[in-house]
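These are the residues of each chain, in order.
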Amino acid sequence: DAYQFFLDLGPLSNIEKFYYKDQVQYWKDFQAHPHYDEWWQARSLPQRMEGVKSAMMVVGGWFDAEDCYGPQAMYKYTEKLNPGTYNTIVMGPWYHGMWARGAGRTFHDQDWGSDTSKFYQDNIEWPFFDAFLRGDGKPNLPEAYMFDSGAHKWSKFDKWPPQTEETSLYFHENGMLEVGAKPSDASGFDQYVSDPRKPVPHEGGTIVSRTRNFMLADQRFAAERDDLLVYQTLPLEEDVTLAGPIFADLFAQLSTTDCDFVVKLIDVFPPTAGEKLANYQMLVRGEIMPARYRYSFQNPKPMPVGEVEKVSYELPGLYHTFKKGHRIMIQVQSSWFPLVHRNPQQMINVYTAQSRDFISSTIQIHRSSANASRVRVGVLK
């Protein structure tokens with residue numbers, strides 16, 4: 001049970017003490033650089049994609065547990081820094097490397113309705129290499145070839161992100177999520193207690209190891225807990241397609257100087273979706289942000305205890321249709337364990353923190369007219 005193993009291990013400082021014992025330089029480097037300083041910046045690839053002369057095809061998976069962020073960032077910066085260079089992006093409903101393994105029809109509990117990996121190999125990858133290695137350099141491919149992980153179909157775009165209409169998913173009382181409707185109340189908040197002794201797991205059931213499935217797994221195990229918040233729409237009256245990046249804007253009040261925020265965008269299937277998927281809460285996108293880095297990854301800043309503070313951050317992009325009859329759900333929590341280490345919830349270096357340094361935090365997420373917590377999305381028209 002990996003959850004129990006890492007919980008029993010205690011703070012990250014025990015890893016060096018009990019296991020690495022000054023023998024793992026990689027871990028020592030992590031400890032020496034807890035923030036996004038010059039050491040980390042020197043190792044960041046996207047901003048260094050200058051001088052690219054060869055044709056580029058960036059390929060990634062929407063549910064790539066190893067690198068969901070990377071392909072979209074590499075495409076973005078290659079495009080920005082190399083005007084005129086052939087540069088295209090492909091994103092499919094895959095885990096890491098799934099585009100080159102098997103037929104690609106299913107992943108975990110989802111059946112995509114077609115052999116997505118084979119389609120990519122035959123209709124995208126082969127024409128690309130054939131055109132540039134022995135042909136005329138014109139593969140007749142779009143700028144972006146994207147798979148809709150909700151409608152289960154491929155789409156072509158002449159740019160990525162595509163043209164969308166920004167819409168906000170606002171948090172309302174009684175766990176309601178409203179599309180475009182800002183709260184009118186002068187005050188209002190929801191509250192939970194984040195206890196480092198009982199962190200929210202990143203996956204349901206017994207966690208033997210970090211699986212690739214957690215990126216799109218059923219989130220009902222989490223929704224049942226009382227140390228996170230759940231907001232959801234009524235059943236949708238028509239299809240809603242989201243495309244491009246997502247932004248979380250949380251107005252939070254803490255009893256401590258720090259905590260993590262995990263925002264998850266979830267597709268809730270209707271009761272009529274079949275035996276396996278009835279009421280299923282499919283994770284579409286999730287991302288974590290330590291509150292201390294809300295202004296800068298280089299210069300952490302404590303949260304003001306007892307005051308409302310805005311925490312905004314970007315989640316990796318998506319292309320997903322929430323079908324008619326489905327619901328859109330947002331879950332907000334403050335741990336994602338053991339995928340992500342526990343936060344002491346105060347301004348202490350997590351690599352040197354001791355067990356006594358981990359404290360509970362009472363967290364309020366505000367949903368008033370002045371402090372309207374929301375998730376901003378792009379709706380494809």
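This text goes with the structure placed above it.
Here the structure is a predicted model, which is why all the values come from computation and not from measurement.

Peer 1: Sorry, what's going on with the overall build of the chain here?
Peer 2: Scanning the chain for helices and strands turns up seven helices and 17 strands. Here the C-alpha atoms of the chain give a radius of gyration of 22 Å, agreeing with the 21 Å that 2.2 N^0.38 yields for 381 residues. C-alpha extents for the chain along the principal axes are approximately 65 × 55 × 40 Å. Sorting the 381 residues of the chain into buried and exposed places 52% on the buried side. A sequence separation of at least 24 residues applies to 74% of the contacts in the chain between residues at least 6 apart. Placing the 39 positive and 47 negative side-chain charges of the chain at their respective mean positions leaves the two points 2 Å apart.

Peer 1: What is the right way to read helix α1 (residues 2-9) from this model?
Peer 2: For an α-helix, the turn length of 3.6 residues means that residues three or four places apart are oriented alike. Buried within α1 we find Ala-2, Tyr-3, Leu-7 and Leu-9. Buried residues of α1, seen end-on, are gathered within an arc of 160 degrees and therefore sit on one face of the element. Check the buried side of α1 and you find it contacts α2 (13-20). At the N-terminal boundary of α1, the capping side chain belongs to Asp-1, with an oxygen 3.1 Å from the backbone nitrogen of Tyr-3.

Peer 1: What is the right way to read helix α6 (residues 116-133) from this model?
Peer 2: The terminal C-alpha atoms of α6 lie 24 Å apart, and with 18 residues this matches the ideal 26 Å at 1.5 Å per residue to within 8%. Of all bends in α6, the biggest is about 35 degrees, found at Glu-125, and the proline Pro-127 comes one to four residues later. Of all the positions in α6, only Thr-116, Ser-117, Tyr-120, Ile-124, Phe-128 and Ala-131 are classed as buried. Among the structural elements, β1 (56-61), β2 (87-92), β5 (144-148) and β6 (153-157) are those in contact with the buried residues of α6.

Peer 1: When you look at the packing of aromatic side chains in this model, what are you seeing that I'm missing?
Peer 2: Any pair of aromatic rings gets described here by the distance separating the centres and the angle formed by the planes. Evaluation of the coordinates by the stated rule reveals 32 aromatic pairs. For the cation-ring pair, Arg-43 lies above Trp-39, with the distance from its terminal atom to the ring centre recorded as 3.9 Å.

Peer 1: In this structure, what is going on with the nonpolar core? I would like to understand it.
Peer 2: Nonpolar side chains tend toward joint burial in soluble globular proteins. By size, the foremost hydrophobic cluster in this structure holds 39 residues, and its most contacted members are Val-90, Met-146 and Trp-160. Sequence-distant contacts of Trp-160, that is, excluding residues within four places in its chain, are made with Trp-62, Gln-72, Tyr-75, Ile-89, Ala-144, Met-146, Ala-243, Gly-244, Leu-318 and Tyr-319. One finds Leu-229, Met-289, Met-303 and Val-377 within the second-largest nonpolar core, a separate group that totals 36 residues.

Peer 1: Sorry if this is basic, but what is going on with the layout of surface pockets here?
Peer 2: Over the atoms rolls a probe the size of a water molecule, and its path tells where empty space is left. The space that makes up the second largest pocket amounts to roughly 310 Å³. If you trace the second largest pocket, you find 16 residues lining it, with Val-179, Thr-233, Leu-236, Glu-237 and Val-240 closest to the centre. Examining the composition of the lining of the second largest pocket, we find that three residues originate from one element, strand β8 (residues 177-179), more than from any other. The residue inventory of the lining of the second largest pocket, partitioned by class, reads nine nonpolar, two polar and five charged.

Peer 1: Any chance you could explain the pairing of β5 here in plain terms?
Peer 2: On any regular strand, side chains alternate: one points to one face of the sheet, the next to the other face. Within β5, five of the five residues are buried, which leaves the element mostly enclosed by the surrounding structure. Side chains of β5 alternate between two faces, with Ala-144, Met-146 and Asp-148 and Tyr-145 and Phe-147 buried alike. The sheet contact formed by β2 and β5 spans three bridges and is parallel. What sits directly across from Val-90, in β5, is Tyr-145. Taken together, β5 and the strand that follows it, β6, pair antiparallel across an intervening segment of four residues, in which His-152 is found at a positive phi of about 60 degrees.

Peer 1: How should the side chain of Thr-116 be read in this particular structure?
Peer 2: By secondary structure assignment, the location of Thr-116 is in helix α6. Since its relative accessible area comes to 0%, Thr-116 is described here as buried. Ignoring any residue separated from it by four or fewer positions in sequence, one finds Thr-116 in contact with Pro-93, Trp-94, Ala-103, Gly-104, Arg-105, Phe-147 and Trp-154.

Rules of the game
Residues numbered from 1 in each chain as written. Predicted model: local features only at pLDDT ≥ 70, side-chain atom pairs only at ≥ 80, totals over all residues. Heavy atoms only, no water. Helix = DSSP H or I, 4+ residues; strand = E, 2+ residues; numbered from the N terminus. Rg over C-alpha atoms; globule rule 2.2 N^0.38 Å. Buried < 20%, exposed > 50% of the residue type's maximum accessible area, 1.4 Å probe, protein only. Contact = heavy atoms within 4.5 Å. Lys, Arg positive; Asp, Glu negative; His and termini not counted. Charge placed at Lys NZ, Arg CZ, Asp CG, Glu CD. Arc of directions from axis to C-beta. Polar contact = N/O pair within 3.5 Å; in protein donor to acceptor, adjacent residues only side chain to side chain. Expected span 1.5 Å × (residues − 1). Bend = angle between axes of the 7 residues up to and from the residue. Phe/Tyr/Trp six-rings, centres within 6.5 Å; stacked < 30°, edge-to-face > 60°. Lys NZ or Arg CZ within 6 Å of the ring centre and 35° of its normal. Core = buried A, V, L, I, M, F, W, Y, C linked by side-chain atoms within 4.5 Å. 1 Å grid on protein atoms, 1.4 Å probe; cavity = no way out; pocket = protein on both sides within 12 Å on 5 of 7 lines; lining within 4 Å. Points joined across faces, edges and corners; volume = space filled by probe spheres on them. Nonpolar A, V, L, I, M, F, W, Y, C, P; charged D, E, K, R; others polar. Pairing = 2+ DSSP bridges.

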